[in-house]
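Coordinate analysis (summary)
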Amino acid sequence: AVNNIDDEVGIPPDAKLSIPPTLSTAAKLIFSSSNDADKLLPGLITIAKSSDSSSDSNNNSANISLQSSMRDTARCLIIGRQASAADIRVDHKSVSRRHTAMYYKQNSHVVIQDLGGKHGTYVNNQRLEKYGKIELPLEGKEHTVRFGNALVGCQIIIPEIQQKQPQKETQNASEEDKDQSQSLSQPLQQSEETDKVDNANPEEVALHTNEDASSTRESREAQIAAMIASFDAAPSYTKFTPVDEEDNNNISLGESDTKKPNGSASNIPSNNSSKDQSNEYNLPITSSITLSPGSDSFTSSDGTGTSIQSNSSVSALCFEPSGSRLVAGHRDGTLRYYAFNGMKPALVTTSSKTLYAPFRIVDSYNDPLDSTGRHVVTALNVSSSGGQWIIGTTSSQPRVVDREGRTTLYHFMKGDVYVTDSSKNKGHTASVTGVAFHPLGQEICWSCSYDGSVRQWDVSGRGKTQFQKLVSQKVISKCKNEKGQRTQIVSNLSVHPNGRKIVVGTSCGSIQIWSCFGSSVSTRPLGAVYSAHGGTKPVTFVTFIGDGSKIASRSDSDDTVRIWNVEKMEKDGGGSFSRKRSGGDGGHFPSLLLATCRGLPALNESANCAFSPDGTVVCAGSSVNPREPNCCGKLKFYRLPEQSKNGKPIKEAKKEKKKKKETAILDPIVELDVAPNASVLVVQWHPKLNQIAVGTSDGLIHVLFDQTLSSKGALIPSSRSVRPSDGLSDLLRTRAPTGSAAFLAGSNANIQTPNALPLFREEARATRKVKEEVRKDPEKTKLPQPPVTGGIKTGTGAGGNISFAQSVYSQNIQKIVKNKNIAGQDPREELFKHNEGKSYVSKAYEGDVQRILAEKTVEEEMEEPSSKRAKH
């Protein structure tokens, strides 16, 4: 039956569980919980041991050997949900009855084979093919294995291969073996003595036990006396010294890493100076922390309990103006809030990485006014004060939430899809692609959509509403292509730093600048560039530089980021693009197209770019195909050419006018490996903190910074490393009170002053601002109704007034009662008065007529004698 199980699951004949001779010990399996809930492991993991195993059954570790299998002649170790067939049982609904098999092959590899489970087997975060397998060489490395969606991770520790030692080492080993043999001989002698005692007479055994009891009692009293004496002794401990971090070749989560411009990676300590040779461009990339998307146990709020994917890609990122918080929008429709001041590091046991979790996860389905379900977050922006966030999703209704994300302040109106004129519609009719607040205020915001319109909204509280939803204030633009045809999609927007201009990118490949100042609706753009990325390639992202003099654009159809001159674009009105020029710049003059950054493939329309605070460097992420092995998403930095006052490069301005000028083609000055097996999608560079937030397709967020060049932000949580326990903490933990003493100590530790409770606090004195807010509240400023002074007043208010129906009813009651005092009277007499001369029964029951149907009953007639019955 054992061989039948191995043959049934497809284990090859040369597979075995015997330890290879090249290994000193078997490969070890260590199971741990993926969400730090170690208390759940005894219920999730059950390891079946053989009869000769002496280890604890509740242990969360096993070996790839016959001792960990419940079958004596098994060729593999089976992991699954079925207790009768699995050697290691994982009790989770996503794990199949026979899910994974592990065994040795040819004394050189550890093989992990998938047995066809629906939810698959993951080795080092890569899913195996159905019935596929992977061979791990015996190289003394560690690997991680996951089974389906179970909240359990498995770490495989493969020991190193034994090597031949020199003669001197062998002599030392032989001496150590002799010492060990001598030490081992002592317990053997003790065991022989115990056997002799067991075979002795009972009387002799009793004598020996009495002597042993007296000796053990004395030793126990000595131990108690030493323990009591230790309570009075001063505690001694060794000072904690951190261990130096090992150098790594690739960027790792929670560590300080960077990469040299020549492409070779190197580890730079977190306290490095910004003048280091490897960071000659003074970029904030010498250190990094990793923000995790949160727990896998987060479920949707629509009542179905659908689990929210923790590894969904990041689609939007935005810093607060102060830099104390970072908000990320994911493709699963959630917003994740990170606060740098309150972050606490968490060490992931399965991968030995330090991650920082969000303090709040907001589901997009929480809003009762939105009945369209969960949507992908496409755009995110914050007001200048940081008190409001505007969120754009794949629905046609963006919304404004408060700083905490719990309350929706404004929910925008949805337009009519049958109205073709966007200026006569009240809102968007298609998915929202971009949102932005006014950079100098928080009363106006803008949004663009797939319907080809850019709308302005008034969120100051004075805007027009309909059905508790905000109506669009006006339409900023009706974008058209070069031929004057209506543009179907406006893919993104960005607001000028002065708040008077908006730049948009369209699906027809144009970049257009529109005026948003004043109340009139613009009919023509201030400036436009058509075929910005060549042909009709759509422009998926546009943004202004810090001073508003340049625009960076990106398209998901080519591998470039292009830098444009705003002054030249507005001056020519886009006329310079009509002249076709040879080359890869699309026919645009160098005075208009300043630079082209190449080598930036984008496989997602949410890919963007960001300028440095001084505007001399632009950074963007590259996308990779996740199916390719050993791929890694990179963050690339480009240095922009210096410009003269007239907008031309300084070097080119000094040259002769007759010489032909070309657009600068830029290569990256620094390439940084950020996301292994994932793409870099969203990039944000905070101007005050001088820190870069990078969102990847695997749901992680990396914050890059420098100890000298950056300030606050990620520097605060990075200083709170996961500190291992030292001798003093262990000593205090062993002497901590337990039982009722611990309860009393914990209750006495918290000292609460009664006057500090909210019940006894004095309310703050009303200021001018508070009085103005109270004056605007209709409930607090409502005058009470005066009492009734006489007569009857009709109305529906309180304060003694009664309605008209109540007044009529009271008058009729007074006429009926006629002011009679009925106290002390019998109510039955009054009821009998109403019954006089009236009959409430039918005529069949009137009178007192008695009708005799029979003189005797049937039983009485049967009791009479037969003679009497005959007479009758």
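Rules of the game
- Every residue gets a number counted from 1 within its own chain, in the order that chain's sequence is written.
- The predicted nature of this model means local features are confined to residues of pLDDT at least 70 and side-chain atom pairs, given and counted, to a pLDDT of 80 or more, with totals for whole chains, interfaces and linings taken over all residues.
- Heavy atoms from the whole structure form the basis of all side-chain values; hydrogens and water molecules are not counted.
- Secondary structure elements are defined from DSSP: runs of H or I of at least 4 residues count as helices, runs of E of at least 2 residues count as strands, and each element is numbered from the N terminus.
- For every residue, the accessible area (1.4 Å probe, protein chains only) is compared with the maximum for its type, and the residue is labelled buried under 20%, exposed over 50%, or partly exposed between those bounds.
- The method behind every accessible area is Shrake-Rupley, applied with a 1.4 Å probe, and residues are considered shielded solely by the protein chains displayed.
- We call two N or O atoms a polar contact when they sit within 3.5 Å, provided that within protein one can donate a hydrogen and the other can accept it, with sequence-adjacent residues counted only if both atoms are side-chain atoms.
- Note on contacts: a residue pair qualifies if any of its non-hydrogen atoms lie within 4.5 Å across the two residues.
- Only strands joined by at least two bridges in the DSSP assignment are considered to pair.
- The salt bridge criterion pairs a side-chain nitrogen of Lys or Arg with a carboxyl oxygen of Asp or Glu, the two atoms within 4 Å.
- Two rings from Phe, Tyr or Trp (for Trp, the six-membered ring) form a pair when their centres are within 6.5 Å of each other. A pair whose planes differ by under 30 degrees is stacked, one over 60 is edge-to-face, and the rest are tilted.
- A positively charged side chain is recorded as over a ring if its NZ (Lys) or CZ (Arg) lies within 6 Å of the ring centre. The angle to the ring normal must also be within 35 degrees.
- Only buried residues count toward a nonpolar core, which is a set of Ala, Val, Leu, Ile, Met, Phe, Trp, Tyr and Cys residues joined through side-chain atoms within 4.5 Å.
- Fitted lines through C-alpha atoms serve as axes, helices being fitted only where they are in contact, and the angles separating the N-to-C directions of these axes extend from 0 to 180 degrees.
- Here, two cysteine sulfur atoms that lie within 2.5 Å of each other are counted as a disulfide.
- Each patch is built from residues lacking any salt bridge and having more than 30% relative accessible area; the joining distance is 9 Å for like charges and 5 Å for nonpolar side chains (Val, Leu, Ile, Met, Phe, Trp, Tyr).
- By the counting scheme adopted, Arg and Lys are positive, Glu and Asp are negative, and His together with the chain ends is not counted.
- One atom stands in for each charge, and that atom is NZ of Lys, CZ of Arg, CG of Asp or CD of Glu.
- Looking at any residue, its pLDDT shows the predictor's confidence there, from 0 to 100.

1. Some words on the overall build of the chain
- Along the chain, the regular secondary structure elements total 14 helices and 48 strands.
- The buried share of the chain, reckoned over its 872 residues, is 40%.
- Counting only carbon and sulfur atoms, one obtains 50% of the accessible surface of the chain, whose full area is about 51500 Å².

2. Examining the side chain of Ser494
- Along the polypeptide, Ser494 turns up in strand E33 (residues 490–495).
- Of note is the side chain of Ser494, whose polar atom sits 3.3 Å from the backbone nitrogen of Phe544.
- Apart from residues no more than four positions distant in its own chain, Ser494 is found in contact with Lys501, Ile502, Val503, Val542, Thr543 and Phe544.

3. A word on the pairing of strand E32 (residues 474–478)
- Along E32, 4 of the 5 residues are buried, which leaves the element largely enclosed by surrounding structure.
- By the bridge criterion, 4 bridges tie strand E29 (residues 453–458) to E32 in an arrangement that is antiparallel. Bridging across to E32, Val454 finds its partner in Ser477.

4. Digging into the pattern of salt bridges
- One pass over the structure, following the stated rule, counts 17 salt bridges.
- Between Arg98 and Glu8 there is a salt bridge, with the nearest N and O atoms lying 3.3 Å from each other. On the criterion of sequence distance, the pair formed by Arg98 in the loop between strand E6 (88–90) and strand E7 (100–105) and Glu8 in helix H1 (residues 2–8) is long-range, its members being 90 residues apart.
- Classification of Glu8 by relative accessible area gives exposed; the value is 57%.
- Between Arg89 and Asp91 there is a salt bridge, with its nearest N and O atoms 3.8 Å apart.

5. Some remarks on the packing of aromatic side chains
- Here the structure, examined in full by the defined rule, presents 4 aromatic pairs.
- A centroid spacing of 6.2 Å and a plane angle of 65° characterise the contact between Tyr337 and Phe359, whose relative ring orientation is edge-to-face. Taken together, the positions of Tyr337 in strand E19 (residues 334–339) and Phe359 in the loop between strand E21 (353–355) and strand E22 (360–363) put the pair 22 residues apart, joining distant regions of the chain.
- Here the aromatic rings of Phe637 and Trp685 are separated by 6.0 Å at their centres, their planes lie at 90°, and the arrangement is edge-to-face. With Phe637 in strand E43 (residues 632–639) and Trp685 in strand E46 (residues 680–686), the pair connects residues that are 48 residues apart, well separated along the chain. Across this residue pair, the class does not change: Phe637 and Trp685 are buried.
- Over the ring of Tyr122 we find Arg146; its NZ or CZ atom is 4.4 Å from the centre of that ring.

6. What about unusual backbone geometry?
- With a phi angle near 55°, Asn124 is a residue other than glycine that sits in the positive phi range.
- You will see that Tyr131, though not glycine, has its phi angle at about 60°, which is positive.
- Checked against the element boundaries, Tyr131 lands in the loop between strand E10 (126–127) and strand E11 (133–137).

7. What about the nonpolar core?
- Counting residues in each nonpolar core, the largest one holds 42 residues, and the members touching the most others are Leu29, Phe31 and Ile88.
- In terms of residue count, the dominant contributor to this core is E7 (4 residues).

8. Some words on the sheet that holds strand E41 (residues 609–611)
- On the basis of which strands lie adjacent, the open sheet formed by 4 strands has the order E41-E42-E43-E45 and antiparallel pairing. Strands with a single pairing partner mark the edges of an open sheet, and in this sheet they are E41 and strand E45 (670–676). Along the sheet, successive strands turn relative to each other by an average axial angle of 20°, direction set aside.
- In this structure, strand E42 (residues 617–621) lies alongside E43, joined through 5 bridges in antiparallel fashion. By the bridge assignment for E43, Val617 is matched with Arg639.

9. Focus on the sheet that holds strand E4 (residues 61–63)
- In space, the 6 strands of this open sheet follow the order E4-E2-E13-E12-E9-E10, with antiparallel pairing throughout. Sheet topology places E4 and E10 at the edges, where each strand pairs with a single neighbour.

10. Describing the pairing of E7
- Counting buried positions along E7 gives 5 out of 6 residues, so the element sits mostly inside the fold.
- Judged from the 2 bridges that link them, strand E1 (residues 15–16) and E7 form a sheet pairing that is antiparallel. Pairing of Lys16 across the sheet is with Tyr104, part of E7.
- Sheet topology note: the strand E5 (residues 77–80)/E7 ladder contains 3 bridges and is antiparallel. If you follow Ile79 over to E7, its bridge partner there is Thr100.

11. Remarks on the state of the cysteines
- On inspection of all chains with the given rule, the structure shows 0 disulfides.
- Left unpaired, Cys632 is separated from the closest cysteine sulfur, that of Cys631, by 7.7 Å.

12. Structural notes on a negative patch on the surface
- On the surface, Glu859, Glu860, Glu861 and Glu863 cluster together into a negatively charged patch.
- Relative to the assigned elements, Glu861 resides in helix H13 (residues 858–863).

13. Focus: the environment of Gln691
- With respect to the secondary-structure elements, Gln691 resides in strand E47 (residues 691–696).
- Between the alpha carbons of Gln691 and Ser711 there is a distance of 8.2 Å; along the sequence they are 20 residues apart.
- A distance of 2.7 Å separates a polar atom in the side chain of Gln691 from the backbone oxygen of Lys712.
- At 3.0 Å, the side chain of Gln691 and the backbone nitrogen of Ala714 are in polar contact.

14. Thoughts on the confidence of the model for the chain
- Confidence in the prediction for the chain averages 75 pLDDT; 66% of positions are at 70 or higher.
- Below a pLDDT of 50 lies the segment residues 50–57, which in the model reaches 5 contacts outside its immediate sequence neighbourhood of four places, other chains included.
- When the criterion is pLDDT under 50, residues 176–209 qualifies, and its contacts beyond four places in sequence or with other chains add up to 2 contacts.

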